[in-house]
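Here are the chains, one letter per residue:
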Amino acid sequence: MANLLPATTKTMKKASTKATSKGSKTFKYPRVADCAFKFGAHVSTSGGVSNAVTNAMDVGAYSFAMFLKSPRKWVSPEIKDEEAANFKQLCEKHGYDPRTDILPHGSYFINLANPDAEKEQKAFDSFVDDLKRCEKLNIGLYNFHPGSSLDSDHKEALARLAKNINKAIEQTDFVKIVIENMAGHGNLIGSDLQDIRDVIDMVENKERVGVCVDTCHTFAAGYDIRTEKDYHTFWNKFETVIGWKYLSAIHLNDSKAPLGANRDLHQKLGYGFLGLEVFRIIANDEKLKKIPIILETPVGNDDSIYGEEIKLLEWLQDRSIDDVDFIKKSSELSSSGAKERAEHLKKFEDKAKKTAKKPATKRKSGSIDSMLSKKPKTE
Ligand SMILES: [Zn+2]
Ligand SMILES: [Zn+2]
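Residues numbered from 1 in each chain as written. Chains lettered and ligands numbered in written order. Predicted model: local features only at pLDDT ≥ 70, side-chain atom pairs only at ≥ 80, totals over all residues. Heavy atoms only, no water.

- An unreviewed UniProt entry lists the protein under the name Apurinic-apyrimidinic endonuclease 1, with Candida tenuis given as the organism.
- Turning to the protein, the UniProt record has this under Cofactor (unreviewed entry): "Zn(2+)".
- Quoted verbatim from the Sequence similarities (unreviewed entry) field of UniProt, the annotation for the protein is "Belongs to the AP endonuclease 2 family." (UniProt positions renumbered as here; feature names shortened; annotations may be inferred.)

Set out below in structure tokens:
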């Protein structure tokens, strides 16, 4: 169902300043009853995993992502029974179905394709621990980065990843393992859609595997999605190579780096090289209606940016490319991001010149360490 609000009430200002009360709690960005999409955001679990639910409500999210433990530590305290019960009760209260509306993000350093057996085992243990945390919270989806082959043979690395997914499925009951597409190339797995296809082919229980498409990663990996035509070309490719049935979630980010830069640099919607148009297309794309569409834009300590962006996405529903207000909004956001785009374009061009001068060497961007060093908040 499309947004049925009359045109006069479809202003973002009205939507974002009106607060509603749920019990004793007042939410700054109230959800609308008829939003057709599961727009959401990556929210904080600071103080306990159940806080994620109220943080999601605060920004008016219809779905949400979170970390299940510190994304930069190998070991974290277990989720207590009482905390898990509280989480489930809050989900029920606020209408989040944990099986379909919550997509936790795995730790960054988990590399199930690691050629070093000891490190591979350590990654696997942390991965299964994450999946068990999901199941304790009744969460049905789990998103993770497929990792890196490091210096090993790429095909063997894909097989190692698939073997570990199979093992993890055997050791858990229901959570779907969702592979995220990546921005980089070189040793990194998953910037080419074919990698993901090859892994899925080797997964035995295909009901338990899915794919999350990150708009920033897609663009940075070289798939242009900025216009309706290019957007559909990408999805046709996705359908041919992977298949719709595996599409389980979207990560919604603009990109600070230009097309094909292989840099994982998230930007606020409309500020980056993608621009607002692709998000307008997404907010009107029927096939994305049932899956979590999660913002991971850089918000620093100001989560209200997510609240504003979810309202923006609601506002984009039913808007056409030639809508006067859309053109104005798109141009405003683009102007706000112009300085950062120019800076990143210069960096990209300088790097391209250097690379052209040097003889070909193995790309650094393929390593997990180099990924970690340039991670935005939720990546
Ligand atoms: Zn992402
Ligand atoms: Zn990610």
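Additional details are given in the paragraphs that follow.
## Regarding the pairing of strand E5 (residues 141-144)
Right, on to step 1. Here E5 shows no split at all, with Leu-141 and Asn-143 on one side and Tyr-142 and Phe-144 on the other all buried.
Right, on to step 2. Relative to strand E6 (residues 176-180), E5 runs parallel, the two being bridged by four bridges. Its bridge partner lying in E6, Phe-144 is registered against Ile-179.
Right, on to step 3. Once the chain exits E5 it traverses helix H5 (residues 154-170) before rejoining the sheet at E6, and the crossover so formed is right-handed. (Buried < 20%, exposed > 50% of the residue type's maximum accessible area, 1.4 Å probe, protein only. Helix = DSSP H or I, 4+ residues; strand = E, 2+ residues; numbered from the N terminus. Pairing = 2+ DSSP bridges. Right-handed = clockwise from strand over helix to strand, strands pointing away.)

## Brief notes about the coordination of the zinc ion (ligand 1)
Right, on to step 1. Around the zinc ion (ligand 1), the protein contributes the donor atoms Glu-180 (OE), Asp-214 (OD), His-251 (ND1) and Glu-296 (OE), which lie 2.1 to 2.2 Å from the metal centre.
Right, on to step 2. Seen from the zinc ion (ligand 1), its four donor atoms lie at angles of 88 to 174°, and the figure they make is irregular.
Right, on to step 3. Read in sequence order, the donor residues coordinating the zinc ion (ligand 1) give the pattern E-x33-D-x36-H-x44-E.
Right, on to step 4. The distance between the zinc ion (ligand 1) and the zinc ion (ligand 2) is 3.4 Å, with Glu-180 acting as a donor to both metals. Of this pair, Asp-214 sits in strand E7 (residues 209-214) while His-251 sits in strand E8 (residues 247-252), and the two are 37 residues apart along the sequence.
Right, on to step 5. Taking relative accessible area as the criterion, His-251 reaches 1% and is therefore assigned buried. (Donors = N, O, S within 2.8 Å, 3.2 Å for Na, K, Ca; no water. Tetrahedral: all angles 85-135°; square planar, octahedral: opposite > 155°, others 65-115°.)

## Digging into the sheet that holds E8
Right, on to step 1. Read from one edge to the other, the open sheet built from seven strands follows the order E4-E3-E11-E8-E7-E6-E5, with strand pairing classed as parallel. What marks the edges here is a single partner per strand, and that holds for strand E4 (63-65) and E5. Neighbour to neighbour, the strand axes of the sheet diverge by 30° on average, direction disregarded.
Right, on to step 2. Where E6 and E7 come together, four bridges link them in parallel fashion. The residue bridging Ile-177 from the neighbouring strand is Val-209, located in E7.
Right, on to step 3. Relative to E5, helix H4 (residues 117-136) is tilted by about 150°, and along the sheet it contacts E5 and E6.
Right, on to step 4. Of the strands in this sheet, E7 and E8 are in contact with helix H8 (residues 228-241), which crosses E7 at around 165°. (Axes fitted to C-alpha atoms, helices over the stretch in contact; angles between N-to-C directions. Contact = heavy atoms within 4.5 Å.)

## Focus: the pattern of salt bridges
Right, on to step 1. With the rule as written, the count across this model stands at 19 salt bridges.
Right, on to step 2. Members of the salt-bridge network, linked through shared partners, are Lys-69, Asp-129, Asp-130 and Arg-133. (Salt bridge = Lys/Arg side-chain N within 4 Å of Asp/Glu carboxyl O.)

## A short note on the packing of aromatic side chains
Right, on to step 1. Applying the stated rule across the entire model yields 13 aromatic pairs.
Right, on to step 2. Between Phe-64 and Phe-87, the ring centres sit 6.5 Å apart and the planes meet at 65°, which makes this aromatic pair edge-to-face. With Phe-64 in strand E4 and Phe-87 in helix H3 (residues 81-94), this pair connects stretches of sequence that are 23 residues apart. Like Phe-64, the residue Phe-87 is buried in the burial classification.
Right, on to step 3. Plain terms: the ring middles of Trp-235 and Trp-244 are 5.6 Å apart, the flat faces sit at 40° to each other, and that makes the pair tilted.
Right, on to step 4. Among the residues examined, Trp-235 registers a relative accessible area of 4% and is labelled buried.
Right, on to step 5. Accessibility expressed as a relative area gives 34% for Trp-244, which makes it partly exposed.
Right, on to step 6. An aromatic cluster is defined as three or more aromatic residues linked by ring pairs; in this entry it consists of Tyr-223, Tyr-231, Phe-234, Trp-235, Phe-238 and Trp-244.
Right, on to step 7. Over the face of the ring belonging to Tyr-96 we find Arg-31, whose NZ or CZ atom lies 4.9 Å from the ring centre.
Right, on to step 8. Its guanidinium or amino end placed over the ring of Phe-124, Lys-167 lies 4.2 Å from that ring's centre, counting from NZ or CZ. (Phe/Tyr/Trp six-rings, centres within 6.5 Å; stacked < 30°, edge-to-face > 60°. Lys NZ or Arg CZ within 6 Å of the ring centre and 35° of its normal.)

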